[in-house]
Amino acid sequence: MWLCPFAEKAMESERTFMRNVKRVFVKVGTAVVTRADGRLAVGRLGALCEQLKELNSQGYEIVLVTSGAVGLGRQRLRYRKLVNSSLADLQNPQYELDGKACAAVGQSSLMALYDTLFSQLDVSSSQHLVTDTDFRNGSFRKQLSETVKSLLALKVIPIFNENDAVSTRRAPYEDSSGIFWDNDSLAGLLALELQADLLVLLSDVEGLYSGPPSDPDSKLIHTYIKEKHQGEITFGDKSRLGRGGMTAKVNAAVCAAYAGIPVVITSGYATDSIIKVLQGKRIGTLFHQDAHLWTSVKEVGAREMAVAARECSRRLQAMHSDDRRKILLDIADALEANESLIKVENEADVADAQDAGYDKSLVARLALKPGKIASLAKSVRVLAEMEEPIGQVLKRTELADGLILEKTSCPLGVLLIVFESRPDALVQIASLAIRSGNGLLLKGGKEAKRSNAILHKVITSAIPKSIGNKLIGLVASREDIPDLLKLDDVIDLVIPRGSNKLVSQIKELTKIPVLGHSDGICHVYVDKSAKVDTAKRIVLDAKIDYPAACNAMETLLVHKDLSSNGLLNTLTKELQHEGVTLYGGPRASSLLNIPKAHSFHHEYSSMACTIEIVDDVQAAIDHIHQHGSSHTDCIVTENHEVAEIFLHGVDSAAVFHNASTRFCDGARFGLGAEVGISTSRIHARGPVGVEGMLTTRWILRGSGQVVDGDKGVIYIHRDLSQ
């Protein structure tokens, strides 16, 4: 789910009530307690008990309502019957076991397991079997409340279950005289009776979906609004083992929520779902009596957001080039005019990141240092003055007499950019999107939440109303990315800028083309003919100019002869003098007496690097191909023949001779800015500027020609480009 500008604060209020939660009821269903074959899911139960122990130790009062006795008893009785059956018995049709007998047998086993698991965690639990008729007795209800209150004061976890073995109800879904009909409604009843602050219903899916959870078009409903969703959602069959299912859970959740008990339906398969709910994380589906009030904040779905960006981009493309140029100039002015406001928000992000103990490299990327806003404004103005990129005729061909074909440049359409904690990247990406006529959806790192929000506000406020501020959408939560990644019909390219894990996850979740790089493992190879001063300048700059950048040197390769002529020692001492921590490959670590590198394929993003000794330029090339990331690699040498071998032999997006790897940058390449650096082998590699955000289309101009089987057409294919 995505919110219109300035709505995020209102959405956050949905889960602020978690701060006041103390008494938590958790209901776990049969589908969570047991596996598909009916056996107990011991691993899931163990994880559940560990969560409840953790919450119990934090001072929460925990009450558990559990299903599973019938399913467990049925599995045990079937096994016992099989063991005691003769061959003749096995050949006869098997009758269905009595559910009440199954409940009686399974209940003791279920509770024994809970007792064992909680005992291992040094937690005490108690068993409470109830029927709906019990609640007709006022004295019972009063005693129940007093007993549970005493147990909770002793930090005991009460475990409730319906006593199916003696229940007199025969039609749980039809008997309107019942007080509760299954363990879901029992959990809701107990939550009300015992004054819970929160009820969590654990299911075998992540929450309530707009359609079948297996349907890729179905969306998780984060907040259930009765007036909106009650008539829109239909449910499938009940649970595979229990009597409930999603219908029962929603009915119980609605009853409890509208009586004042917040409810969350979420996955019981996750090992930390209850803890995340209590942390206020936006997982599962929330039911709340005030949910209808939150509809005043307009929610924008993934598809609507992407479609809106495309519509705005088409209006942007139709503008005159000078008008698009003016938008960029207005953005540059707006950045400078709001510098103090941007600085306040960025400083708050930096302070929070430091308090949270984030790595220094991340904090360094996060901070907008003095002069950065002016630098960003300058780069936007440079971009504005560049040659018009849209509609350029790349090739012009006369196909036949009077039939002219033009290959022209055009925007890709809608781009989804997921980027790291650098807020300055938002400005660069947004400016490139406007210059290239693309719609844009942005998701920045949570560490830069305030910075990204204010930068997005400043930029979109400079976009004319005739285009619309939905040209650039800011995605509120990383949890919303999966919905966008399904929209291969309205999003044209995904560019992830982050860790290898992030890039891999995105590639696995989408059919949309993905452009980018995962690691920035850049090498500098110092050949035996390198000049000392040249090697020192390049190596130091590549490492220490901006160690957190993806184009910083992570591995220094040196020719074996340099260990005897003193240059290796010189480079080592210079790096250490600047505060660089050195790790060595097998040859360098023993020679230089430095710690061994854990892996050659490692991006430090800090004042550290790996050194290794190689035999020659070919060995350096082989090392780079084996351990590099195809980002940027450099050779330092005065031998031009060796340089050419390296330049043509290294298969990376950028390959340099006698120049620091730090030059691999969109602004330094004259691209104005960059949306990222690509190590992919699709339409763009290296720093991706405006050209990397364009594709082509064909325009054919004729005077009434038809093919008609090519009978009257004489093709000449004459090139008119020159």
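Definitions and limits used
- Residues numbered from 1 in each chain as written.
- Predicted model: local features only at pLDDT ≥ 70, side-chain atom pairs only at ≥ 80, totals over all residues.
- Heavy atoms only, no water.
- UniProt positions renumbered as here; feature names shortened; annotations may be inferred.
- Helix = DSSP H or I, 4+ residues; strand = E, 2+ residues; numbered from the N terminus.
- Buried < 20%, exposed > 50% of the residue type's maximum accessible area, 1.4 Å probe, protein only.
- Contact = heavy atoms within 4.5 Å.
- Areas by Shrake-Rupley, 256 points an atom, 1.4 Å probe, with all protein chains shown as cover.
- Pairing = 2+ DSSP bridges.
- Axes fitted to C-alpha atoms, helices over the stretch in contact; angles between N-to-C directions.
- Core = buried A, V, L, I, M, F, W, Y, C linked by side-chain atoms within 4.5 Å.
- Expected span 1.5 Å × (residues − 1).
- Arc of directions from axis to C-beta.
- Phe/Tyr/Trp six-rings, centres within 6.5 Å; stacked < 30°, edge-to-face > 60°.
- Lys NZ or Arg CZ within 6 Å of the ring centre and 35° of its normal.
- Salt bridge = Lys/Arg side-chain N within 4 Å of Asp/Glu carboxyl O.
- Parallel < 35°, antiparallel > 145°, perpendicular 65-115°, else oblique.
- Left-handed = near helix turned anticlockwise from the far one by under 90°.
- Nonpolar A, V, L, I, M, F, W, Y, C, P; charged D, E, K, R; others polar.
- Disulfide = S-S within 2.5 Å.

Under an unreviewed UniProt entry, the name given to the protein is Delta-1-pyrroline-5-carboxylate synthase, and the organism recorded is Gossypium tomentosum. Regarding the protein, the UniProt comment filed under Function (unreviewed entry) reads as follows: "P5CS plays a key role in proline biosynthesis, leading to osmoregulation in plants."

On to the overall build of the protein, then. When its secondary structure is counted, the protein shows 26 helices and 26 strands. Within the span of the protein, comprising 722 residues, buried residues form 53% of the whole. A separation threshold of at least 6 residues defines the contact pool for the protein, and within that pool the share at least 24 residues apart is 74%. In the structure as shown, the protein presents an accessible area of about 33,400 Å², 50% of it carried by carbon and sulfur atoms.

Spatially, the eight strands line up as an open sheet ordered β4-β5-β3-β2-β6-β8-β9-β7, and their pairing is mixed. Every other strand in the sheet has two partners, leaving β4 (125-130) and β7 (223-224) as the edge strands with one partner each. Here strand β2 (residues 23-28) runs beside strand β6 (residues 198-203); their pairing, made up of five bridges, is parallel. Directly across from Val24, in β6, lies its bridge partner Leu198. Of the strands in this sheet, β2, β6, β7, β8 (263-267) and β9 (285-287) touch helix α10 (residues 246-257), which is tilted by about 155 degrees from β8.

Counting buried residues along strand β21 (residues 632-636), five of its five residues qualify, which places the element largely inside the surrounding structure. Pairing between strand β17 (residues 522-526) and β21: four bridges, direction parallel. Paired with His523 across the two strands is Asp633, which belongs to β21. Where β21 and strand β22 (residues 654-657) come together, four bridges link them in parallel fashion.

Moving on to the nonpolar core. Counting residues in hydrophobic clusters, the biggest one holds 49 residues, and the most contacted among them are Ile331, Leu335, Ile417, Ile434, Leu440 and Ile472. Those elements that place two or more of their residues in this core are α12 (302-317), α13 (321-337), α16 (372-384), β13 (414-418), α17 (424-436), β14 (439-443), α18 (449-461) and β16 (493-496). Not counting residues up to four positions away in its chain, the partners in contact with Ile434 are Leu316, Arg324, Ile327, Leu328, Ile331, Ile463, Leu471 and Ile472. One finds Val21, Leu40, Met111 and Ile274 within the second-largest nonpolar core, a separate group that totals 35 residues.

Taking strand neighbours across the sheet as the criterion, the six strands line up as β19-β20-β18-β17-β21-β22 in an open arrangement whose pairing is parallel. Two strands bound the open sheet, and with one partner strand each, they are β19 (581-584) and β22. Across the sheet, the axes of successive neighbouring strands diverge by a mean angle of 20 degrees, strand direction being ignored. Strand contacts of helix α26 (residues 640-649): β17, β21 and β22, with the helix running at about 175 degrees to β22, the strand carrying the most contacts.

Let us look at the environment of Arg685. Its place among the elements puts Arg685 in the loop between β23 (676-678) and β24 (686-688). Measuring from C-alpha to C-alpha, the distance between Arg685 and Ala653 comes to 5.5 Å, with 32 residues separating the pair along the chain. Beyond its immediate stretch of four places on either side in the chain, Arg685 contacts Ser630, Asp651, Ser652, Ala653, Ser678, Thr679 and Ser680.

This brings us to α13. Here α13 spans 25 Å end to end across 17 residues, near enough to the 24 Å set by a 1.5 Å rise per residue. Among the residues of α13, Arg324, Ile327, Leu328, Ile331, Ala332, Ala334 and Leu335 are the ones counted as buried. Taken end-on, α13 shows its buried residues confined to a sector of 165 degrees, consistent with a single buried face.

Right, let's get into the pairing of β2. Most of β2 is tucked away: six of the six residues are buried. The alternating pattern of β2 places Arg23, Phe25 and Lys27 on one face and Val24, Val26 and Val28 on the opposite face, and all of these are buried. The pairing of β2 with strand β3 (residues 61-66) spans six bridges and is parallel. Pairing of Phe25 across the sheet is with Val63, part of β3.

What follows is about the packing of aromatic side chains. Evaluated as defined, the whole model comprises six aromatic pairs. Aromatic side chains Phe135 and Phe140 sit 5.4 Å apart centroid to centroid with 85 degrees between the ring planes, which places their arrangement in the edge-to-face category. On the basis of relative accessible area, Phe135 is assigned to the buried category, the value being 4%. Under the relative-accessibility criterion, Phe140 is labelled partly exposed at 24%. Against the face of Tyr269 rests Arg44, its NZ or CZ located 4.1 Å from the ring centre.

Time to look at the pattern of salt bridges. Throughout the structure, instances matching the rule amount to 26 salt bridges. Here Arg303 makes a salt bridge to Asp489, at a shortest N to O gap of 2.9 Å. Placement of the pair is Arg303 in helix α12 and Asp489 in the loop between α19 (481-485) and β16, with a sequence separation of 186 residues. Residue classification places Arg303 among the partly exposed residues on the basis of a relative accessible area of 31%.

Below, the discussion takes up the packing of helix α25 (residues 617-627) against α26. The interhelical angle for the contact between α25 and α26, taken along N-to-C directions, is 20 degrees, at an axis separation of 10 Å. Compared by their axis directions, α25 and α26 come out roughly parallel. You can see that α25 and α26 cross each other, and the crossing is right-handed. Contact residues: Val617, Ile621, Ile624 and His625 in α25; Val642, Ile645, Phe646 and Gly649 in α26. In the contact of α25 with α26, the residues fall into six nonpolar, two polar and no charged.

The tally for this structure, following the rule as stated, stands at zero disulfides. Summary of cysteine pairing: Cys522 is not part of a disulfide, and the nearest cysteine sulfur, belonging to Cys550, is at 6.7 Å.

Before going further, it helps to examine the side chain of Asn56. Examined against the element boundaries, Asn56 turns out to sit in helix α3 (residues 42-57). Sequence-distant contacts of Asn56, that is, excluding residues within four places in its chain, are made with Ile62, Val123 and Lys155.

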